[in-house]
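Spelled out from the first residue to the last, the chains are:
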Amino acid sequence: MTLFTNLSDNAKGALFMMCSMAAFTFNDLFVKAIGTEVPLPQVLLLRGVLASVLIYFLARYLKALAWPEKAKDRWLIVLRSGAEVAAAYFFLTALLHMPFANVTAILQTLPLTVTLAAALVFKEAVGWRRMLAILIGFGGMMLIVRPGTEGFTIHSIYVLIAVVCVTVRDLAARRLSKDVPSLTVTLVGAIFVTVFGGVGAAIIGEWVDLTAVQIAMLAASAFFVIGGYVFSVMVMRVGEVGFTSPFRYTAMLWALLLGYVFFGEWPEPLTFVGAALIVATGVFTLYREAVAKRKALKRTHA
């Protein structure tokens, strides 16, 4: 405990980011394991109920429940939650039919897609270095997806749609007022996904009686997804974003390890090359963004 208190804010932020990525990846592991036997809407409904209840009590305990007064913030939360629902469906559907590491690697393009979308939608300045890095990163993504080959399926498109949905989700979150509690936003998103799962389960009319092992995996999934959200909130409260953000790529290491141990999956060489390009360009993009922010702050205080 003394060692932790002696850590710098940046070191704590990096640790929280790695814990967040590990938690989210373990959540994906349990969903992938149970999703082969239980319909996805049922998984989303049951996991959503557990997660929503836990988030609610956590938010109450931290006094972080507050519906925003501004109409703009309310609509942004709805937009973010809708994007969360679409992202969950497309990502998890792809995860159930594609190698673990491949799906995770493609999702790591998010810093690139968010930067590009912010430039296109919000007219944020993006220099030629970051734009070049984005293009190279997208090239890495194409090496993983490999359109036109036998490995390219509808589920490859699903994971790309999921990236677009998560980009919309993150952009909506960036436009929220700073006084809107993160856990309130998270709770609304969890409720939206739960309702979506319930509607989906009612439409397909398929319900599976869970075994004790499946219930345990579902509970573990809910536990880890909550851990991922909590640690991601803690990251925002300590350290510099430019320092802590690159540690999000530790998710790739977890995906490689868990995919190999539990599913016997090992990516092809081209997938490794593509993932390396995505990680390298993502880290560079985050670094350049941090540099740009520091320059902007210096000009403001000059």
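Residues numbered from 1 in each chain as written. Predicted model: local features only at pLDDT ≥ 70, side-chain atom pairs only at ≥ 80, totals over all residues. Heavy atoms only, no water.

Another aspect to go through is the environment of A51. Assignment of secondary structure puts A51 in helix α3 (residues 40-61). Given a relative accessible area of 6%, A51 falls into the buried group. In the structure, A51 is positioned 234 residues away from T285 in sequence and 33 Å away in space, judged by C-alpha atoms. Beyond its immediate chain neighbours, meaning those up to four positions away, A51 contacts A222, V225 and I226. (Helix = DSSP H or I, 4+ residues; strand = E, 2+ residues; numbered from the N terminus. Buried < 20%, exposed > 50% of the residue type's maximum accessible area, 1.4 Å probe, protein only. Contact = heavy atoms within 4.5 Å.)

Looking now at the nonpolar core. If you look at the biggest cluster of nonpolar residues, it comprises 42 residues, and the most contacted ones within it are F91, L92 and I106. The greatest single-element share of this core, amounting to seven residues, is contributed by helix α4 (residues 71-97). Once residues within four sequence positions are removed from consideration, I106 is found in contact with M98, M141, I144, V145, V159, L160 and V163. Listed in part, the 10 residues of the second largest apolar core include I55, A59, L183 and Y229. (Core = buried A, V, L, I, M, F, W, Y, C linked by side-chain atoms within 4.5 Å.)

Moving on, we come to the pattern of salt bridges. Side chains carrying opposite charge are able to pair once their charged atoms draw close together. Using the criterion set out here, one finds four salt bridges in the structure. Here E265 and K32 are joined by a salt bridge, their closest N and O atoms 3.8 Å apart. Taken together, the positions of E265 in the loop between α12 (250-263) and α13 (269-301) and K32 in helix α2 (residues 9-35) put the pair 233 residues apart, joining distant regions of the chain. The burial state of E265 is the same as that of K32; both residues are buried. Across the pair R169 and E84 runs a salt bridge whose closest N-O atoms are separated by 3.5 Å. Here R169 is found in helix α8 (residues 154-174), whereas its partner E84 is found in helix α4, with 85 residues between them in sequence. For the residue pair R169 and E84, the accessibility class agrees, reading buried in each case. Among the charged side chains, a salt-bridge network with shared partners connects R80, E84, R169 and D170. (Salt bridge = Lys/Arg side-chain N within 4 Å of Asp/Glu carboxyl O.)

Note that R130 resides in helix α7 (residues 128-145). Residue classification places R130 among the buried residues on the basis of a relative accessible area of 9%. Discounting residues that sit within four places of it in the chain, R130 has contacts with T115, A125, F284, T285, R288, E289 and A292.

With that settled, the discussion passes to the packing of α3 against α4. Angle between the axes and distance between the axes are the two parameters that describe a pair of packed helices. In the contact formed by α3 and α4, the axes pass within 11 Å of each other and the chain directions differ by 125°. It follows that α3 is oblique to α4 by the angle criterion. Like other packed secondary-structure pairs, α3 and α4 cross with a definite hand, here right-handed. Each of L40, L44 and R47 in α3 lies in contact with α4, whose residues at this interface are Y89, L92 and T93. Class assignment of the residues belonging to the contact of α3 with α4 gives a composition of four nonpolar, one polar and one charged. (Axes fitted to C-alpha atoms, helices over the stretch in contact; angles between N-to-C directions. Parallel < 35°, antiparallel > 145°, perpendicular 65-115°, else oblique. Left-handed = near helix turned anticlockwise from the far one by under 90°. Nonpolar A, V, L, I, M, F, W, Y, C, P; charged D, E, K, R; others polar.)

In the structure shown here, the tally under the stated rule is 13 aromatic pairs. Consider the rings of Y260 and W266, whose centres lie 5.6 Å apart with planes at 75°: the pair is edge-to-face. Linked through ring pairs, F26, F30, F223, F224 and W254 together constitute an aromatic cluster. Here the guanidinium or amino end of K32 rests over the ring plane of F263, the centre of that ring lying 5.3 Å away. (Phe/Tyr/Trp six-rings, centres within 6.5 Å; stacked < 30°, edge-to-face > 60°. Lys NZ or Arg CZ within 6 Å of the ring centre and 35° of its normal.)

The next subject is the environment of M141. Tracing the sequence through the fold places M141 in helix α7. Sequence separation between M141 and A275 is 134 residues, and the spatial gap between their C-alpha atoms is 7.2 Å. Not counting the four nearest positions on each side in its chain, M141 is found in contact with I106, T109, L160 and I278.

Our focus in this paragraph is the environment of W128. Within the secondary structure layout, W128 lies in helix α7. Sequence separation of W128 and P181 is 53 residues, and the distance between their C-alpha atoms is 35 Å.

On to the packing of α4 against α8, then. Two numbers describe how α4 lies on α8: the axes approach to 8 Å, and their chain directions differ by 155°. The angle between α4 and α8 falls in the class roughly antiparallel. For α4 against α8, the interelement crossing comes out left-handed. The class makeup of the residues in the contact of α4 with α8 is 18 nonpolar, three polar and three charged.

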